[in-house]
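Structural features, examined
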Amino acid sequence: MHAQIVLYDGFDPFDVVAPFEVLAAGAEMLGGDLAVSLVAAEGPRDVISGTRALALAATAALDPAEPGCVIVPGASGPTVGDPDDGVDTIPVLLARAAQTELTPLLHKASANPEVTLAAVCGGSIIMAMSGLIEGRHAVTHHLGLELLEATGVHPVAARVVDDGDLVTAGGVTSGLELALHLLDRFYGPRVAHAVERLFEYERRGTVWRPTGREPAEV
């Protein structure tokens, strides 16, 4: 399995580094059964984040034919400001990413039955803006839930939402939960638990799935 974590201009570093660290630790414990890499739609390049111009290197192009998972991070930047005045707010950065070559590549990955799409924070908004997840259940940062709903997505206020071949997580730190859940889902709880112990971190909340009984209102 190959976990491809996508970089695009203005990405949030923690949305990338948290899943990368968790999955890389899991890969070490799996003895080579899991590959983890940073990719970009345009191929290998240094990609500038939205936080103090911190750059990370994409080592390859996103390959939608590669079995595994594709993880799309959110963006980092101001939440308020006028784009007409040149302010690159987070919604502007997300919309800009959705207008790049990333969108057709994500559509190809979505059509691959051997690929699970995943997102941290605003990554699910990129997918929504790209027309990928209409009618699906997903989560993003709480400030973006209404935007998800406006694009035809069913927003769920949970830490992690597992909707089959689409797994999404909420605000920035939930990238830790996302990656631990992916380890648990694909390789079992012992590997996920071992990484939790290594990082001295415990997962928060219940992973929401569209299964089971509907709760009554109380």
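The protein chain is annotated in an unreviewed UniProt entry as Glutamine amidotransferase from Mycobacterium sherrisii.

Details of the pattern of salt bridges
All chains considered together, the criterion is met by nine salt bridges. For E42, the salt bridge goes to R45, with nearest N and O atoms at 3.0 Å. For E42, a relative accessible area of 48% gives the class partly exposed. Residue classification places R45 among the partly exposed residues on the basis of a relative accessible area of 24%. As a salt-bridge pair, R159 and E177 come within 3.0 Å of each other at their nearest N and O atoms. Note that R159 is positioned in the loop between β9 (154-155) and β10 (160-162) and E177 in helix α6 (residues 174-187), a separation of 18 residues in sequence. With relative accessibility at 2%, the residue E177 sits in the buried group.

Some remarks on the UniProt feature "domain: DJ-1/PfpI" (unreviewed entry) in the protein chain
Under the UniProt annotation, the feature "domain: DJ-1/PfpI" (unreviewed entry) is placed at residues 108-184. For residues 108-184, helix accounts for 36% and strand for 22%, while the C-alpha atoms at its two ends are 25 Å apart.

Things to note about the pairing of strand β6 (residues 68-72)
Most of β6 sits inside the fold, with five of its five residues counted as buried. Here four bridges tie strand β1 (residues 2-7) to β6, and the two strands are oriented parallel to one another. Residue pairing for β6: Q4 is matched across the bridge by V70. Inspection of the sheet shows β6 paired to strand β7 (residues 115-120) by five bridges, in the parallel sense. For G68, the partnering residue across the bridge sits in β7 and is V115.

Overview of helix α2 (residues 90-98)
Regarding α2, the residues found buried are V92, L93, L94, A97 and A98. Residues of α2 that are buried make contact with α3 (102-111) and α4 (123-129).

Things to note about the sheet that holds strand β5 (residues 60-61)
Strand order in this open sheet of eight strands is β5-β2-β1-β6-β7-β11-β10-β12, and the pairing throughout is mixed. Only two strands of the sheet have a single partner each, and these edge strands are β5 and β12 (207-208). Two elements, β7 and strand β11 (residues 166-169), share four bridges in a ladder whose sense is parallel. Residue A118 lies in a different strand from β11, and its bridge partner there is V167. Packed on one face of the sheet, α6 meets β6, β7, β10, β11 and β12 and runs near 160° to β7.

Description of unusual backbone geometry
With a phi angle near 50°, R52 is a residue other than glycine that sits in the positive phi range. Tracing the backbone through its elements, the reader meets R52 in the loop between β3 (45-48) and β4 (55-58). Among the residues examined, R52 registers a relative accessible area of 82% and is labelled exposed. At E200, a residue that is not glycine, the phi angle is positive and equals roughly 50°. Structurally, E200 can be placed in the loop between α7 (189-199) and β12.

As for the environment of T89
Tracing the chain through its elements places T89 in the loop between β6 and α2. We classify T89 as buried; its relative accessible area is 5%. Sequence-wise, T89 and P189 are 100 residues apart; in three dimensions their C-alpha atoms are separated by 38 Å. Once residues lying within four places of it in the same chain are set aside, the contact partners of T89 are P78, V80 and G81.

Here we look at the nonpolar core
Core analysis: the biggest nonpolar cluster contains 62 residues, and V70, I71 and L117 have the highest contact counts within it. Excluding anything up to four places from it in sequence, I71 contacts Q4, I5, V6, P19, L23, A118, V120, L178 and L182. Residues V139, L145, V156 and V161 belong to the second largest nonpolar core, which totals five residues.

Here is what the cut-offs are and how they apply
- Each residue is numbered by its place in its chain's sequence as written, counting from 1.
- In view of the model being predicted, local features appear only for residues whose pLDDT reaches at least 70, and side-chain atom pairs are presented and counted only at 80 or more, with totals across whole chains, interfaces and linings using the full set of residues.
- Heavy atoms from the whole structure form the basis of all side-chain values; hydrogens and water molecules are not counted.
- For salt bridges, the criterion is a side-chain nitrogen of Lys or Arg within 4 Å of an Asp or Glu carboxyl oxygen.
- Using a 1.4 Å probe on the protein chains alone, a residue whose accessible area is under 20% of its type maximum counts as buried, one over 50% counts as exposed, and one in between counts as partly exposed.
- Each helix is a run of H or I in the DSSP string that is no shorter than four residues. Each strand is a run of E no shorter than two, and both are numbered from the N terminus.
- UniProt positions are given in the numbering used here, feature names are shortened, and annotations may be inferred rather than shown by experiment.
- At least two bridges found by DSSP between two strands are what make those strands a pair.
- Residues are treated as being in contact if the distance between any of their heavy atoms lies within 4.5 Å.
- Axes here mean lines fitted to C-alpha atoms, for a helix over just the part in contact, with angles spanning 0 to 180 degrees between N-to-C directions.
- In this description, a nonpolar core means a group of buried Ala, Val, Leu, Ile, Met, Phe, Trp, Tyr and Cys residues linked to one another through side-chain atoms lying within 4.5 Å.

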